[in-house]
Amino acid sequence: MSIDLSIIIPIYNEQDNIPVLYNRLTKVAQSMSLSYELLFINDGSADASLGMLIALSQTDSNVHYINLSRNFGHQIAVTAGIDSCKGDAVVIIDADLQDPPELIIELYAKMKEGFQVVYARRNSRSGESFMKKFTAKMFYRILAKITSIKIPVDTGDFRIMDRKIVEVLMKMPEQQKYLRGQIAWVGFNQTYIMYDREERHAGSTGYTYKKMIRFALDGITGFSNLPLKFATIAGFFVSGITFLLSLYALYARFVSKDYVPGWTSLILAVLFIGGVQLISIGIIGEYISRVSSNVRNRPLYVVSDTSCSKN
Ligand code: UDP
Ligand code: MG
């Protein structure tokens, strides 16, 4: 049986946020008068979160939970939710109330205007360190520069998407999840609304710098081959310089005769081998980039609509 709205909430040590979160989400969902589910994914919390989720699911039939066997990380927790949610529309929201639940009403209304994805773009972020905001801002902009698909800047995973998008996401079995990139990749009509990101209601961030760096690398390697192409570009650049320097070395040796014995052959050998090595690494890089896009195993294309009949 399908329902109108699924709300996916990853939970990692959020015991002090769950009660307020549950109340606000329930209020929002009921005000929208549609059938809904709150799907909590416990991502290996070490606090009382799991117990609270189990209790909620027993008293409220709109609440479901998935308990992962350990901490797999935010993106994988959300993926687990995407795999088992039933809604025609699906919202992803953080548990710490940095993403205001009340905005879901607006996201839903916007989607009904004819969009398949409406993401919430951050106007401002309060209560986060300068370092976090600065690195995030830089990262989003660099990523946008080096990828071929348009991944929206200043946007987290807080968004609503339609069933069509969810179906495609389930066909993308990649191990390194960078959901906001994957959703951008899927296409269809996507838009955004602006919002002000609030402070964490309680508790502390589950995103350590280590997790953030890994996440950033997943974003880059999943959606750009530019780093792999770097060796090729450097190889051709060095080879060009090598060629000019070789001409000079030969000129010094045979024409101007202004040379130290042994220098010409030595410099030619060094420059030549340097260029050849970089180009060779570049060639390997080109193959690896093709291998990695095959390993991602994404569908080749996604059909929006067609006049062809099925079967
Ligand atoms: N989270 C998770 N697994 C993790 C880290 C975080 O499920 O390993 C959840 C967390 O409970 C929250 C959301 O992901 O609902 C966003 O995490 P957080 O607020 O810690 O990140 P930040 O807002 O600081 O980037
Ligand atoms: Mg947060």
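Preceding block: the structure.
All of the points below concern the structure found in this document.

Rules used throughout
Here the residue index of a chain counts from 1 through its sequence in written order. Chains carry letters from A onward and ligands carry numbers from 1 onward, assigned in written order. Note on the predicted model: pLDDT of at least 70 is required for a residue's local features to be given, and 80 or more for side-chain atom pairs to be given and counted; whole-chain, interface and lining totals, by contrast, use all residues. No hydrogens and no water enter the side-chain calculation; it runs on all heavy atoms of the structure. Lining residues are defined by having an atom within 4 Å of a point belonging to a cavity or pocket. Those points lie on a 1 Å grid over the protein atoms alone, cavities being sets where a 1.4 Å probe fits but cannot get out and pockets being open sets with protein on both sides within 12 Å along at least five of seven lines. Grid points are joined across faces, edges and corners, and a volume is the space filled by probe spheres set on the points. Note on conventions: DSSP H or I runs of at least 4 residues are helices, E runs of at least 2 residues are strands, and numbering of each starts at the N terminus. Residues are sorted three ways: Asp, Glu, Lys and Arg are charged, Ala, Val, Leu, Ile, Met, Phe, Trp, Tyr, Cys and Pro are nonpolar, and all the rest, Gly among them, are polar. Here a residue-residue contact requires only that any non-hydrogen atoms of the pair lie within 4.5 Å. Note on definitions. A residue lies near a molecule or strand when any single heavy atom of the residue is within 4 Å of it. Here a polar contact means two N or O atoms within 3.5 Å. Within protein one must be a hydrogen donor candidate and the other an acceptor candidate, and residues neighboring in sequence count only if both atoms are side-chain atoms. The Shrake-Rupley method, run with a 1.4 Å probe, gives the accessible areas here. Residue values count only the displayed protein chains as cover. Should more than half of a molecule's atoms lie within 2 Å of a pocket's or cavity's grid points, that molecule is taken to sit in it.

Some thoughts on the layout of surface pockets
For the largest pocket, the calculated volume is near 1300 Å³. What lines the largest pocket is a set of 49 residues, among which H74, Y207, K211, M212 and F215 lie closest to the centre. Elements with a minimum of two residues in the lining of the largest pocket: β1 (3-11), α3 (74-84), β5 (117-125), α5 (130-146), β6 (155-162) and α8 (209-223). With eight residues, α8 is the largest single contributor of residues to the lining of the largest pocket. Across the lining of the largest pocket, the residue classes tally to 17 nonpolar, 14 polar and 18 charged. Its boundaries defined by the atoms lining it, the second largest pocket holds a volume of some 260 Å³. Along the walls of the second largest pocket sit 14 residues, with Q176, T221, G222, S292 and R296 positioned nearest its centre. Elements with a contribution of two residues or more to the lining of the second largest pocket: α8, α9 (226-255) and α10 (263-296). The element that contributes the greatest number of residues to the lining of the second largest pocket is α10, accounting for three residues.

Re the environment of V168
You can see V168 is positioned in helix α6 (residues 163-169). Put simply, V168 and T221 are 53 residues apart on the chain and 20 Å apart in space, counted from C-alpha to C-alpha. Setting aside anything within four residues of it in sequence, one finds V168 in contact with W185, V186, P299 and V302.

Thoughts on the site of ligand 1
Lining the immediate environment of ligand 1, one finds 19 residues, of which E14, D43, D96, T205 and G206 sit closest. E14 places a side-chain nitrogen or oxygen 2.6 Å from an oxygen atom of ligand 1. Contact between ligand 1 and D96: an oxygen atom at 2.5 Å from a side-chain N or O atom of the residue. Contact with the protein chains removes 95% of the 530 Å² of surface that ligand 1 exposes when unbound. A majority-of-atoms criterion places ligand 1 in the largest pocket.

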